[in-house]
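# Structural overview for review
Here is how the chains run, residue by residue.
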Amino acid sequence: MSEIVPTLLQVAVLVAALGLTVPLLGRLLAHAYTSPRHLAVERVTYRALRVDPDADQHWRTYAMSVLGFSLVGVLALFAFGRLQEHLPLSLGFAALPTDGAWNTAVSFVTNTNWQWYSGEAALGHLMQMSGLTVQNFLSAGVGMAVAAAFARGLARRGGAGRVGNFWADLVRTVLRVLLPIALVAAVLLVVMGVVQNLAGPHLVDTLTGGNQAITGGPVASQEAIKELGTNGGGFYNANSAHPFENPTPMSNLFEIFLILLVPFAMAWSFGLIVGDRRQGVAVLTVMGLLLAVSVALITWAEMAGPGTAPQLAQGALEGKEQRFGTAGSALFAAVTTGTSTGAVNTMHDSLTAPGGGVALFNMMLGEIAPGGVGSGLYGMLMLAVVTVFLCGLMVGRTPEYLGKKIGQREIVLVAAYVLTTPVLVLVGSAVALTASDGLAGLQESGPHGLTEAVYAVTSASNNNGSAFGGLTSGTPFWNTLLGSCMLLGRFLPMVVVLALAGRFATQPRLPAGAGTLPTHRPLFVVLLSGVALVVVGLTYVPVLALGPIVESLS
Amino acid sequence: MKDLYSLFRFSLAGLRLLVAMTLVLGLGYPLLVTGIARVAAPWQADGSLVTATGAHTTDPGEAVGSALLGQLVDDPTLFQPRPSAAGDGYDPLSSYGSNLGPESPELVAAIRERRAAIAEREGVPVGEVPPDAVTASGSGLDPHISQAYAALQVPRVAAAHDLSEDDVRALVEEHTEGRTLGILGEPRVNVLELNIAVTRAAAPAAG
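Residues numbered from 1 in each chain as written. Chains lettered and ligands numbered in written order. Predicted model: local features only at pLDDT ≥ 70, side-chain atom pairs only at ≥ 80, totals over all residues.

### Some remarks on the overall build of chain A
- Helix and strand content of chain A: 19 helices and six strands.
- For 554 residues, the compact-globule estimate of 2.2 N^0.38 gives 24 Å, and the C-alpha radius of gyration of chain A, at 23 Å, lies within 12% of that figure.
- Taking the principal axes of its C-alpha atoms as reference, chain A extends roughly 75 × 55 × 45 Å.
- Pairs at least 24 residues apart make up 79% of the contacts formed inside chain A by residues separated by at least 6 positions. (Helix = DSSP H or I, 4+ residues; strand = E, 2+ residues; numbered from the N terminus. Rg over C-alpha atoms; globule rule 2.2 N^0.38 Å. Contact = placed C-beta atoms within 7 Å.)

### So, the overall build of chain B
- For chain B, the helix and strand inventory stands at seven helices and six strands.
- Each helix and strand of chain B, ordered N terminal to C terminal, gives the series α-α-β-β-β-α-α-β-α-α-β-β-α.
- Viewed in the frame of its principal axes, chain B has a C-alpha envelope of about 80 × 45 × 35 Å.
- Every one of the 207 residues in chain B was classed for burial, and the buried ones make up 48%. (Buried ≥ 20, exposed ≤ 12 C-beta atoms within 10 Å, placed from the backbone.)

### Details of the nonpolar core
- Counting residues in hydrophobic clusters, the biggest one holds 243 residues, and the most contacted among them are Val146, Met287 and Leu498 of chain A.
- Among the elements that take part in this core, helix α6 (residues 125–155) of chain A stands out by supplying 19 residues, more than any other.
- Three or more residues apiece are contributed to this core by two domains, here domain 1 (2–40) and domain 2 (48–206) of chain B.
- Setting aside chain neighbours within four positions, we find Leu498 of chain A in contact with Trp59, Tyr62, Ala63, Val146, Ala149 and Val163 of chain A. (Core = buried A, V, L, I, M, F, W, Y, C linked by C-beta atoms within 7 Å. Domains from an automatic or database assignment.)

### Details of the packing of helix α17 (residues 446–461) of chain A against helix α19 (residues 522–553) of chain A
Residue and element names in this part refer to chain A.
- Put simply, α17 and α19 touch, their axes get as near as 8 Å, and they point 125° apart. Viewed along their axes, α17 and α19 adopt a mutual orientation that is oblique. Judged by the twist between their axes, the crossing of α17 over α19 is left-handed. Only Val543, Leu546, Gly547, Pro548, Val550 and Glu551 of α19 make contact with α17, whose side of the interface consists of Pro447, His448, Leu450, Thr451 and Val454.
- For the contact of α17 with α19, the class distribution of residues is seven nonpolar, three polar and one charged. (Axes fitted to C-alpha atoms, helices over the stretch in contact; angles between N-to-C directions. Parallel < 35°, antiparallel > 145°, perpendicular 65-115°, else oblique. Left-handed = near helix turned anticlockwise from the far one by under 90°. Nonpolar A, V, L, I, M, F, W, Y, C, P; charged D, E, K, R; others polar.)

### What about helix α12 (residues 325–338) of chain A?
- Over its 14 residues, α12 of chain A runs 20 Å from end to end, which matches the ideal 20 Å to within 8%, given 1.5 Å per residue.
- Among the 14 residues of α12 of chain A, 14 are classified as buried, and the element is accordingly described as predominantly covered. (Expected span 1.5 Å × (residues − 1).)

### So, the pairing of strand β4 (residues 211–214) of chain A
Residue and element names in this part refer to chain A.
- By the alternation rule, side chains of β4 split into Gln212 and Ile214, which are all buried, and Asn211 and Ala213, of which none is buried.
- Here four bridges tie strand β3 (residues 202–205) to β4, and the two strands are oriented antiparallel to one another. Residue pairing across strands places Val204 opposite Gln212, the latter belonging to β4.
- Connecting the antiparallel pair β3 and β4 is a turn made up of five residues, with Gly209 showing a positive phi of about 90°. (Pairing = 2+ DSSP bridges.)

### Quick look at the packing of helix α2 (residues 40–49) of chain A against helix α1 (residues 2–40) of chain B
- Orientation of α2 of chain A relative to α1 of chain B, taken along the N-to-C sense of each, is 135°, at an axis distance of 9 Å. The pairing of α2 of chain A with α1 of chain B is recorded here as oblique in orientation. The crossing of α2 of chain A and α1 of chain B is right-handed. Only Ala13, Arg16, Leu17 and Ala20 of chain B of α1 of chain B make contact with α2 of chain A, whose side of the interface consists of Thr45, Ala48 and Leu49 of chain A.

### Structural notes on the sheet that holds strand β6 (residues 188–190) of chain B
Residue and element names in this part refer to chain B.
- Strand order across the open sheet formed by three strands is β4-β6-β5, with antiparallel pairing between neighbours. Two strands close off the open sheet at either side, each with one partner strand: β4 (144–145) and β5 (176–177).
- Pairing between β4 and β6: two bridges, direction antiparallel. Looking across to β6, one finds that His144 is bridged to Asn190.

### Side note on the confidence of the model for chain B
- On average, residues of chain B carry a pLDDT of 95, and 98% of them reach 70 or more.
- For this predicted complex, the interface confidence comes out at an ipTM of 0.96, alongside a pTM of 0.97. (pLDDT = per-residue confidence, 0-100.)

### Focus on the sheet that holds strand β3 (residues 63–66) of chain B
Residue and element names in this part refer to chain B.
- Taken in spatial order, the three strands of this open sheet run β2-β1-β3, and their pairing is antiparallel. Both edges of this open sheet fall to β2 (56–57) and β3, since each of them pairs with a single strand only.
- In this structure, strand β1 (residues 49–51) lies alongside β2, joined through two bridges in antiparallel fashion. Directly across from Val50, in β2, lies its bridge partner His56.

### A closer look at α17 of chain A
Residue and element names in this part refer to chain A.
- For α17, which comprises 16 residues, the first-to-last C-alpha distance of 23 Å matches the rise-based estimate of 22 Å (1.5 Å per residue) to within 8%.
- With 15 of 16 residues buried, α17 is to be regarded as a mostly interior element.
- Count one or two residues on from α17 and you reach Asn463, which has phi positive near 60°.

### Brief notes about unusual backbone geometry
- The omega torsion across Ala369 of chain A and Pro370 of chain A is -5°, close enough to zero to call that bond cis.
- Its location among the elements puts Pro370 of chain A in the loop between α13 (353–364) and α14 (375–395).
- Positioned with a positive phi, Leu181 of chain B is a non-glycine residue whose angle comes to about 55°.

### Focus: the environment of Gly54 of chain B
Residues and elements named next belong to chain B.
- Along the chain, Gly54 turns up in the loop between β1 and β2.
- C-alpha separation for the pair Gly54 and Gly138, spaced 84 residues apart in sequence, amounts to 26 Å.
- Setting aside chain neighbours within four positions, we find Gly54 in contact with Glu193, Ile196 and Ala197.

### Focus on the domain arrangement of chain B
- The domain boundaries assigned to chain B delineate domain 1 (2–40) and domain 2 (48–206).
- One C-alpha centre belongs to domain 1 of chain B, the other to domain 2 of chain B; they are set 44 Å apart.

### Some points on the environment of Thr352 of chain A
- Here Thr352 of chain A shows up in the loop between α12 and α13.
- Thr352 of chain A gets classed as buried once you count the C-beta atoms within 10 Å, which come to 28.
- Linking Thr352 of chain A and Ser459 of chain A, residues 107 residues apart in sequence, is a C-alpha distance of 18 Å.
- Apart from residues no more than four positions distant in its own chain, Thr352 of chain A is found in contact with Ala301, Glu302, Gly305, Pro306, Gly307, Pro310 and Ala316 of chain A together with Pro102 of chain B.

This is the structure in structure tokens:
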């Protein structure tokens, strides 16, 4: 088939681009999270904030800083939404309803970017750039800061629970890493055709005498950080399927590259922070393997095009753009759900049953392959701890990871982490499917309707943000349910991660002994991949069987 | 109590940081990008608008559309775009796909109906109607059709405009883009640009 060669070459170009940039960015990140020196602009910022960037915070203080900062973010964005009509550049749009403003505030502060509204029909330019774009940067920075704190916890010995300074981590992440890359990326996106202006919609007279509104806005500046920070909230309703957000096959690959850059680089920087590059490479390899499998599966599903409608049309092109084709759409779908991005360049509700099922499974995996910026790394490291624990049980020794003992208290924390999201997903889905207000939002009945609901709750709880868009979610019921899932799914795990970081920091670092499981070898890569799949598989197989699997077999 | 107090204290520090970051990231950054875009790529930044002669413009007053956006073609003699689920069709104020699933009876019926209508319009058997012609895109604003769908429409457009099929085929060829670098995306034909070219080629004959 002539499609296979370009499909493989497209992946090869992507892998090559990442191979060149990930180690560089990984080094920059590791430096940002370990260097004692501050840049001049940072020192000015700390003085304005009246915080001491050199104070080594106890994990509890670090967690309180994360929560305090995020609380302010939610309140400010909520106020922004409620007051929109009184703000400049609002394009005449009204205030968001209370439940909607809350949902959106939580959504962007938790790095989820679930969108119940349609961007071009609900939000003015100031809300987009000074509200949402800002949180795109900051929520990404918070996730990366927590991952850095966890890596430091593993790297330290006898640290008395101290894991670093949140304000310094956040400010450095934004100013040294995210802002410079986003700036360059935004300009490149404009050159490729992405819109960037402050104009409202202009009506033009079309070729055949009708008229069409040409929508404007600060799109490129939002698009760049939307992908780079694995946020995913589109400027327009159609997200990255919209030609003004993603105009060409080249911009498509560039956006996919931006999505993957930081999550993989975080894994690389982890190795450098703990002083053993191979540890980072092992984690990165597991992420890459799981992602590669999901890319292959979705691509196969969409090219084969099973299902009544795709068979009748002779191709699964419903919801896909001609310029991206099947390969460019499938790759994006795998990458956006394998990271916690949730931007879409194809409508996931219209994916084939197996393709949509894999996208759903990617999120259920807990967003670790390679996951969101920061959150992907700490999520994968939690499973690494589970893996060494299971292997320790098999040989009857106290397990350790990077010289840190996994005792009872540690494994209780890890278990709490691993169980939080599945509980949210399953309880949330059950609530949605038993409430009439929940069922009212579904576009379709049968297995596909079930998948629509489960997909939404899974997306929110894992902070992904993509949707089976047939679901009408802009109702008080769905806004409240999904907002709660996003909030708990973000901050409960974060607090657990920081608590564990504190415990690890306190411990000495034991030298590796004869009974230590090496965590940088291929064997560990295989074990960790297996644990990731089994933990998720056992949790979600029943609901997957009733949704996408039944639909695939019908 | 102690935790609540520290939460409050950190919220205040957080508020100061949020204000500072809003100025830098929420105003400085997007306005800087807007400024650079204005200088480096003004045409793209304003939506890649084109005039009735196919020239680039940044003035919506003289534009007939955007090279990046599909539009409704309310003229049966011209090339038709893909079906669209954006509003009443190709409405940028409500960009979206149908989001109908692969087993949706509504989608199956729509595809069947579109296939029959297109086959009749072009005078071909239904089996020859390509998939992009009967499926709505994700944005509802897809500016392109496949080469197959363009080829299918050539005889009708040529006849309606008193042009030879070879001439129209040459115009299609001219407005076809291959895969980027030979590997990215799909070959595609820009409908608005093609229709502009057809209209211009037919203009002298139409008098």
